[in-house]
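# Fold and geometry: a report
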Amino acid sequence: MASPCEVLVDTDDEPTARAALDAARGEALRIEHKFSRYRSDNVIDRINHSAGKPVEVDEELAGLLDYAATCHEISGGRFDITSGVLRRVWTFDGREHTPDPAALAAALALVGWTRVSWRDRTLTLPAGMEVDLGGLGKEYAVDRAATRIAEVTASAFLVNFGGDLFASHLRRAERPWLIGVENPATPASGHLGRLQLARGALATSGDARRFVLVRGRRLGHILDPRTGWPVEGAPRSVTVMAATCTEAGTLATLAILRGGDAARFLEEQGVQHWLLE
Amino acid sequence: MRVQLASPSPASSVRQRLGAAACLLLAGSMPAAAQTQLAPGWQLETTGLFYGEQLRAKVVEPTGRLTRQFANGRALSLGLAVDAITGASPTGGLPTGQVQTTTSSSGRSSTTTADAVPTHPFQDLRYAADLGWVEPLGSLVSASTSAHFSQEKDYASIGGGLKTSVDVLNRLVTLTAGAGYNRDRVFPTGGTAVGLAPDDTPRIPGDNPKEVRTGLVGISRVVSRRWLLGATGSQTRETGYLTDPYKIISLTDPETQLPVAQVNEKRPSERLRDDVLASSVYHFEQDIFYMNYRYYWDDWGVRSHTLDMKVRHDLSSESWVQPHVRLYAQSPASFFVFGLTQGRPLPEFASADERLGPLRTATFGATYGFRVPGHRGEFTLRGEYMYQWLVGRPPTAIASSTNTPAGDDSGGGGQHLGTNIGTILIGYTVPF
């Protein structure tokens, strides 16, 4: 997951807390092993080296691909799990870089969910294309870990994987969970706000840690797959609240992909959100 | 830097589509976890039931059930129950204006006076055990088998059942089908009574067999995030000895209307029973509302309606309360009689057992459940009050006695000689 992960359980019973932690860790590791693009022994690696041949996938991956396809459609093509190859063209280390136009054009030719064949549980990628579930994986892992924890305890709990979190229900004596929304400009101190969460999920998307300077202009790391460039005018940070972490994370990403329209998009959707421009 | 905090406005279509897509994704069945499994575990439930009918039967029934969950959703359950029943049961005889004597099958006798319903005392101890196994077949189908056994002084029963359920339409709908078979033996104390013969006719020794076959089908559907609806239908065929061996019917003198003799009851040796049940579970913000309606009919002419409602309300995260109301109305079997007139030809079948009569009951109760902090087990305490009465009971002999002052309604026709029944159940469930 490449971020600190924690599980909070509202109980006095240590074996229960351990069981919850084991359940969450097991599920997080399972999902990472199965869907990480950095591994050479999983189905994602097989797909990314399939050289144009069809690959049959299992029920879980099929569910994720269906979800990604729906997001692609809802966002008018801005949300695209094949856009991972564009990372080769950019370096988000906070320093000045300019992308090579030829390399960018070549990479763009390998981007586009519409070029992929996805039907009957079979995925066929043209040679050279890749799928990257990194934009969905962490939030999906939060929701799955929450389901596993609920199987081993009825106590209230909160799962937080690197800032994407889910709370199951109110703590004992009807007390909510207290969540601080981090200020990306000063991550170590000073919260933007505090909220009381009874149940539900929060996910944050933004460029607090990864950005690039192009001719003196600061650009975030979320790329528009239609142009190959970072999204223009996007807020520094977007936090969204929803019933599940998957939904919250997708809404936050869709908002950033709208660039300067992020605020209006989130208002139209009627979700609770916090923006930092 | 501009910071915004916004409040929700009506949902729009992107959010709805996303919500539905996320729901679909997360509702998909999960593969077995590589590192952790659903921890197999045990669960023990025990209950103690105390049941008292005003002036009649008292039952004390402790039960225990042990369930073991295995990985992959398999489960084994073993249940044991002991009933200790003491008290008095109505014989089916009519109340009289005179002292009336009844003898019980254990040789003791009792006397009742005036308008009390004649009863005879009895004592019985019943042991019952059942065993069940649940086996998931793939991720959408599950099968369960069960066997049960019970034994008391004059009745033994053994049987088994099979049930399977299938989830379809993305797990929104569950279809269930089941079948059961029971083989019973009735061996009344003192021998079997001869149907519709005078009650002092010598009884026939030996066993009487009875077979029960049941089939059921059901469907349940998730209507919305908050609402679950279900319907089941079942049919049961009973064959064999279906008469109650201790019930009698009073023969009344055609002129005085006083009971002067008694005959044993007699019921047909076949019974076909059907019922349909509709059920609803609705989840409000905090509370859950359960409602069931059942319509029953059989080929003995009995028809009944049952309406049952409960609301579960959480008082805190450690305790809850559940009030309960149940209303029941039954129309009698075609051969049900309050009494027979002496001298007239006897019908083919007859019974004065009030459980086959025009019965009404109203039950009010509540359950309180709580956990002791730091402890895994859950306690439940349930109290229920039931009022039970027969409609259309003929006037008792008191009304025709000259001792009664004019205008006294105590023996009037159609009176409801109701019974008050109280139940207390204490339960304890603990996983380990």
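Residues numbered from 1 in each chain as written. Chains lettered and ligands numbered in written order. Predicted model: local features only at pLDDT ≥ 70, side-chain atom pairs only at ≥ 80, totals over all residues.

We now examine helix α5 (residues 134–152) of chain A. Spanning 19 residues, α5 of chain A covers 28 Å between terminal C-alpha atoms, matching the ideal 27 Å at 1.5 Å per step. Burial runs high along α5 of chain A: 14 of the 19 residues are buried. (Helix = DSSP H or I, 4+ residues; strand = E, 2+ residues; numbered from the N terminus. Expected span 1.5 Å × (residues − 1). Buried ≥ 20, exposed ≤ 12 C-beta atoms within 10 Å, placed from the backbone.)

Residues and elements named next belong to chain A. Strands sit in the order β2-β4-β3 across an open sheet of 3 strands; the sheet is antiparallel. Of all strands in the sheet, those bounded by a partner on one side alone are β2 (54–56) and β3 (117–119). This sheet shows a mean twist of 15° between the axes of neighbouring strands, independent of strand direction. Here β3 runs beside strand β4 (residues 122–124); their pairing, made up of 3 bridges, is antiparallel. Note that in β4 the partner of W118 across the bridge is L123. (Pairing = 2+ DSSP bridges. Axes fitted to C-alpha atoms, helices over the stretch in contact; angles between N-to-C directions.)

Here the focus is helix α6 (residues 245–257) of chain A. All names here are of chain A. The end-to-end C-alpha distance of α6, which contains 13 residues, comes to 18 Å, matching closely the 18 Å that a straight helix rising 1.5 Å per residue would cover. By the criterion of burial, α6 is predominantly enclosed, with 13 of the 13 residues buried. In the segment just after α6, G259 is the residue with positive phi, at about 65°.

A separate point is the packing of helix α3 (residues 59–74) of chain A against helix α1 (residues 13–27) of chain B. Packing of α3 of chain A against α1 of chain B leaves a shortest axis separation of 9 Å and a crossing angle of 175°. Judged by the angle between their axes, α3 of chain A and α1 of chain B are roughly antiparallel. Along its contact with α3 of chain A, which presents G63, L64, Y67, T70 and I74 of chain A, the element α1 of chain B presents V14, R17, L18, A21 and L25 of chain B. Class assignment of the residues belonging to the contact of α3 of chain A with α1 of chain B gives a composition of 7 nonpolar, 2 polar and 1 charged. (Parallel < 35°, antiparallel > 145°, perpendicular 65-115°, else oblique. Contact = placed C-beta atoms within 7 Å. Nonpolar A, V, L, I, M, F, W, Y, C, P; charged D, E, K, R; others polar.)

All names here are of chain A. Bridging between strand β10 (residues 211–214) and strand β11 (residues 217–220) involves 4 bridges; their strand directions are antiparallel. Following the sheet pairing, V214 is matched in β11 by R217. Connecting the antiparallel pair β10 and β11 is a turn made up of 2 residues, with R215 showing a positive phi of about 45°.

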